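This is what each chain is made of:
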Amino acid sequence: MSTRPGNACSAGPPPLWVGWVLLVFVLQAGCATGVPRRGTLMGLGHRPPTPQFFNAAVPARGPAASASGGGAGVPPASADTSEEVWAGGPGGMASSEEVRARARRVEEERAEALVRAAQREGRNPEAARGAEADRALARVEGLCSGVEEVGAVLAFTFWVEGRALTLVGYEEERGGGREGRPVEAQELARVLRLVLTQYAGGRTGEVVLRLRREEARWAVDYDAARTVARPSEARRLPVRMPGTPAGTFLTFHELAGRWMRAVQVPAGGAARVELEVRLEDGRLAGGELREVRRTREGPGGSPLSLSPEVAGHLVQVLLPFTEGLGPRTVRMVLRAEHRMGEARARGRVESARVERPPPRPGQSWYLSMHEATLLRWREGVVEGSAWLAQRGGEELALWFALGIIAKGLGFFATEGLEWVTKALGREPEVVAGWLRTALKRLTPEESKTFGQLWRKVSLEGEQALSRSERKTLRGLFVRLEQAIREPLDTNLKDTLRADARGYYAELYPQFKKLLSEQGILLPVHHRRPLQYAHLFPDENINAAENLAMLQKYVHEEINFLWGRFRKARPDPTADEVRRATEIIDKQFEPWYHCAKDPSGLLKTTQQARDAALRDLRNQFPGLN
């Protein structure tokens, strides 16, 4: 028996004849329509299953309903008799898998929205696509210009997506040694532009561009038929920038010059040089000269250093790789040789390929959001961190959280951290939610400083922080460790309640209209109350699994129970709060996620309250 007869959260069984009619209809529809056997869904991640809905008739609520045990504060009936009401699983509680899927969906949609905004706001996409092709063309032409041997082959491997061209591999094969005649540059540019913009530029996938040096021209061929996995550094958004920033060029040129001065080639002989360059976005994160191995001995004499032109060629090969995203390593092999009679040894890059670290959870989300922000930074349409700050706290928290995961917890190896590092070691959507509520416990000045420093780390690299900034950032995490163990004040509770209501409407969009129209009559309940948030410092008090919409009069019954618990346990432990939550959930979960009373129940809310009260008294002696 329910406290409110007739108002259903899940419908009763239909008459038998209705089932037969529906069966005949479904069979006829199946015969009349063709259903594809398989298909492909493209997106940032897994989509949760679509919940089932039904239309529930809503009879008028009168005195009889109140007399049946509902108590005071009964909400009036809605005039809409076809409201969509979620049947959230047995007893109104969604499964943990579905709750996690809903949280992922919300975060994915936030990331996708930010990427779309970056692509269209304040910029000219057509100009960006043109600039993308111009840069690739200039770099291919630049590497071709130094090759004169007939039969030499240059191969450029690009990942193409959204007309963004990300270089992922380069190879050079030697020719026969005979030098050809000068090549007409305009004809080569025309053919390359045609391939980059029309033949290969409009697809998604790997494209291998091969150029073979002939007597007086370059023969251009491309292969777009290979199927390979999408590289993590690949971009989706073309960037409108003319070339490499001067500072980046000088940094790489200095490194290449230092390496080349360290390489010695035997007189009249040859050597193989292995190099490793570590990149993060477009920044140099480190590098080393791995090996210099002699492949051919000469007639004798003192070894010789490489010509300065070799350093320029090395940088020319390396710079296109800086347009990728995230951390990765470019491994390069340089072929060096000395010809008798020449003052210095020659050298050419034989191959360059990208090696990627193992993927981290949420990496695709982070790189998509990071690319959107980095796009503003690289183009200078709006300074990157300022543009991101305009998006709002939800996107910022997700970007911060995913960036922290991408960099690894080693960056935050600070003495005094326990709960913060535990919270940051979870799934991306969990970290993002926790960080949203946790940062609200800092002062406005602390939150602003944290945002400024973390944006600097993400856009310019950790090395961009001064010693004092690094100390400040680590100090803020220590301060956060303290703040999450302090009880919430009244103002923060009100803020978190409002946030929870908005987040719940994103999790369950079928309730968004009802939540807006009925206001306080449909509160969003925290299963573990806000009062005890500090007892669970590594958990998000506004997590999807801790929230449930219910009717006001049901919420009042639950609040009555928590009031009794507080009197008996004014300073409870986390385990005591956890056990009390389980007891209350056990009795009231049929009313969770329901805008109306469930039908078919064998108990009223008053009976549920009394049963929960008995269980609480058994668990906690002294509770009245």
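Above: the structure in question.
Worth saying up front: this structure is predicted, and the values here are computed from it rather than measured.

1. Things to note about the overall build of the chain
Right, on to step 1. Per the secondary structure count, the chain includes 19 helices and 14 strands.
Right, on to step 2. Expressed as a percentage of its 624 residues, the buried residues of the chain come to 49%.
Right, on to step 3. When contacts within the chain are restricted to residue pairs at least 6 apart in sequence, those whose partners lie at least 24 apart make up 76%.
Right, on to step 4. Accessible area for the chain stands at about 29,600 Å²; split by element, carbon and sulfur atoms hold 53% of it.

2. Comments concerning the nonpolar core
Right, on to step 1. Counting 53 residues, the largest nonpolar core has Phe156 and Met332 as the members making the most contacts within it.
Right, on to step 2. At 6 residues, helix α7 (residues 308-318) tops the list of elements feeding residues into this core.
Right, on to step 3. Not counting residues up to four positions away in its chain, the partners in contact with Met332 are Val273, Glu274, Leu275, Val277, Leu314, Val317, Leu318, Val349, Ser351 and Ala352.
Right, on to step 4. Within the second largest apolar cluster, 48 residues are counted, among which are Leu114, Tyr366, Leu465 and Phe477.

3. Topic: the pairing of strand β5 (residues 205-213)
Right, on to step 1. Of all 9 residues in β5, 7 are buried, a share of seventy percent or more.
Right, on to step 2. For β5 and strand β6 (residues 218-223), the ladder comprises 6 bridges, and the chain directions are antiparallel. Across the sheet, residue Arg210 finds its bridge partner in β6, namely Asp221.
Right, on to step 3. In sequence, β5 turns back onto β6 through a hairpin of 4 residues.

4. What about the packing of helix α8 (residues 363-379) against helix α13 (residues 444-460)?
Right, on to step 1. Close contact between α8 and α13 brings their axes to 10 Å; oriented N to C, the two are set at 90 degrees. In this view, α8 runs roughly perpendicular relative to α13, as classed from their interaxial angle. In this structure, α8 uses Tyr366, His370, Thr373, Leu374 and Trp377 to contact α13, whose residues at the interface are Ser458, Leu459 and Glu460.
Right, on to step 2. In terms of residue class, the contact of α8 with α13 is built from 4 nonpolar, 3 polar and 1 charged.

5. Comments concerning the side chain of Asn542
Right, on to step 1. As for its placement among the helices and strands, Asn542 is situated in the loop between β13 (524-526) and β14 (547-549).
Right, on to step 2. You can call Asn542 buried: its relative accessible area is 5%.
Right, on to step 3. Leaving out residues up to four positions away in the same chain, Asn542 has contacts with Thr437, Leu496, Asp499, Ala500, Tyr503, His526 and Leu547.

6. Here's the deal with the side chain of Glu557
Right, on to step 1. Considering the arrangement of structural elements, one finds Glu557 in helix α17 (residues 552-568).
Right, on to step 2. Sequence-distant contacts of Glu557, defined by excluding residues within four places in its chain, comprise Phe588, Thr605, Gln606 and Arg609.

The rules behind the values
Residues numbered from 1 in each chain as written. Predicted model: local features only at pLDDT ≥ 70, side-chain atom pairs only at ≥ 80, totals over all residues. Heavy atoms only, no water. Helix = DSSP H or I, 4+ residues; strand = E, 2+ residues; numbered from the N terminus. Buried < 20%, exposed > 50% of the residue type's maximum accessible area, 1.4 Å probe, protein only. Contact = heavy atoms within 4.5 Å. Areas by Shrake-Rupley, 256 points an atom, 1.4 Å probe, with all protein chains shown as cover. Core = buried A, V, L, I, M, F, W, Y, C linked by side-chain atoms within 4.5 Å. Pairing = 2+ DSSP bridges. Axes fitted to C-alpha atoms, helices over the stretch in contact; angles between N-to-C directions. Parallel < 35°, antiparallel > 145°, perpendicular 65-115°, else oblique. Nonpolar A, V, L, I, M, F, W, Y, C, P; charged D, E, K, R; others polar.

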